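A closer look at the structure
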Amino acid sequence: MGQHDKIEKLIANLGELPTLPVVIQKINALLSNPRTTAAEVGQAISTDQAIATKIIRLVNSALYGFPGRISTITHAIVILGFSTVKNVILTTTILSRFDLHKNVQGFDMMGLWKHSVAVGSIARLIAQEIGFRGKEEAFVGGLLHDLGKVVHALYLPESFLQVVNNAHEKHGLFYDSEMEIHGATHVDIGSWIAEKWNLPNDLAMVIAHHHTPTKAGNHMLLASIVHLADILARALEAGNPGDQSIPVVDLEAWSQLGLTEAQILRIFELSEGEIERASVFLQVND
Ligand SMILES: [Fe+2]
Ligand SMILES: [Fe+2]
């Protein structure tokens, strides 16, 4: 069986994935148009009241620095800017497709969500340190980088557990264990979902290349940020990525980021508080 066939087989077994609501496609289009006004976005979101309520709750969390002071989407855009609100909308819509409290027998599923939040938070801190303009894209990229693992765990728990147990027994990496057992990885599953859900290109590239950042083309810097954040989250033992090993950092990505020792220390120092504040995203469906 060729590589492609193996991925197809794994994906075929996933069955029916949830779909993204039409409203998010409409909002993404609006937000990528520089002439769109805050009022137009507010109006588009208000057509989905459930999502609108969640977004208002999130933008009022301590994570964004204006707790309890934002009353409408329009107001949020004026205060926080398009980029932040756009990314909150995207993240909320995707996370609301999942039951974040769903258990997978034999696996600490909440730990995987915590790993995701940790990687998002650390990615945002790295972006801030190096002056990368897409801080919020780094956060969302980190939060959703292992989307393929989440879907695999929730939709094919037995096959997912096989990978986890094999990695555990061999003291190896989850990624290598996936290759050994399925000949395909969470990167392939994640990329398939990104295509199906028509996710923004930069996010799709992070999902596809957080283990191979030098292959991310125009989005190499963003992929490198998430690649390093994934490794730092493991070093900090924040959450459960599915294995206990720490992958080797890609040297080209590392040198492109150009972080000093002082900057790394500051990231470590700030990460705990940042992860805690960002954990509001895990309550999005409560
Ligand atoms: Fe990964
Ligand atoms: Fe990860």
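Remember, it's a predicted structure, so these values are computed and weren't measured experimentally.

Accessible area lost when the parts come together is the quantity often used to give the size of an interface. Domain boundaries assigned for the chain yield domain 1 (19-97) and domain 2 (100-283). Taking the mean C-alpha position of each, domain 1 and domain 2 sit 24 Å from one another. Contacts between the two partners involve 14 residues from domain 1, matched on the other side by 14 residues from domain 2. For the side of domain 1 that touches domain 2, the elements supplying multiple residues, two or more each, are α2 (22-31) and α6 (82-95). Per-element accounting of the side of domain 1 that touches domain 2 gives the leading share, seven residues, to α6. Here the residues of the side of domain 1 that touches domain 2 are counted per class, giving seven nonpolar, seven polar and no charged.

Burial analysis of helix α8 (residues 135-144) places nine of its ten residues in the buried class, which makes it a mostly covered element. Considering only its buried residues, α8 is in contact with α6, α7 (109-130), α9 (147-155), α13 (201-209) and α14 (220-235).

Okay, the packing of α7 against α14 next. Look at α7 against α14: their axes get within 8 Å of each other, and the N-to-C directions meet at 125 degrees. The orientation of α7 relative to α14 falls into the category oblique. Where α7 crosses over α14, the handedness of that crossing is right-handed. Only Ile225, Val226, Leu228, Ala229, Asp230, Leu232 and Ala233 of α14 make contact with α7, whose side of the interface consists of His115, Ala118, Val119, Ile122, Ala123, Ile126 and Ala127. Partitioning the contact of α7 with α14 into residue classes produces twelve nonpolar, one polar and one charged.

This part takes up unusual backbone geometry. Here His171, not a glycine, exhibits a phi torsion of approximately 50 degrees, which is positive. Relative to the assigned elements, His171 resides in the loop between α10 (157-169) and α11 (174-182). For His171, a count of 9 C-beta atoms within 10 Å translates into the label exposed. For Glu237, which is not glycine, the phi dihedral falls at a positive 55 degrees.

Once that is clear, we can look at the nonpolar core. In terms of nonpolar packing, the biggest core is built from 79 residues, with Ile122, Ala123, Ile126, Ile225, Val226 and Ala229 touching the most fellow members. It is α7 that contributes the most residues to this core, eleven residues altogether. Beyond its immediate stretch of four places on either side in the chain, Ile126 contacts Ala138, Ile225, Leu228, Ala229, Leu257 and Ile267.

Over its 16 residues, α14 extends 22 Å from the first C-alpha to the last, a length consistent with the 22 Å expected when each residue adds 1.5 Å. A large share of α14 lies buried, amounting to twelve of its 16 residues. All buried positions along α14 are accounted for by Leu222, Ala223, Ser224, Ile225, Val226, His227, Leu228, Ala229, Asp230, Leu232, Ala233 and Arg234. Looking at the buried residues of α14, the elements they touch are α7, α8, α13, α15 (251-257) and α16 (261-278). Just past α14, the residue Glu237 takes up positive phi, approximately 55 degrees.

Right, let's get into the environment of Ser116. Along the chain, the position of Ser116 falls in helix α7. Along the primary structure Ser116 and Asp230 are separated by 114 residues, whereas in three dimensions their C-alpha atoms are 8.5 Å apart. Not counting chain neighbours up to four residues away, the residues in contact with Ser116 comprise Leu143 and Asp146.

Definitions and limits used
Residues numbered from 1 in each chain as written. Chains lettered and ligands numbered in written order. Predicted model: local features only at pLDDT ≥ 70, side-chain atom pairs only at ≥ 80, totals over all residues. Domains from an automatic or database assignment. Contact = placed C-beta atoms within 7 Å. Helix = DSSP H or I, 4+ residues; strand = E, 2+ residues; numbered from the N terminus. Nonpolar A, V, L, I, M, F, W, Y, C, P; charged D, E, K, R; others polar. Buried ≥ 20, exposed ≤ 12 C-beta atoms within 10 Å, placed from the backbone. Axes fitted to C-alpha atoms, helices over the stretch in contact; angles between N-to-C directions. Parallel < 35°, antiparallel > 145°, perpendicular 65-115°, else oblique. Left-handed = near helix turned anticlockwise from the far one by under 90°. Core = buried A, V, L, I, M, F, W, Y, C linked by C-beta atoms within 7 Å. Expected span 1.5 Å × (residues − 1).

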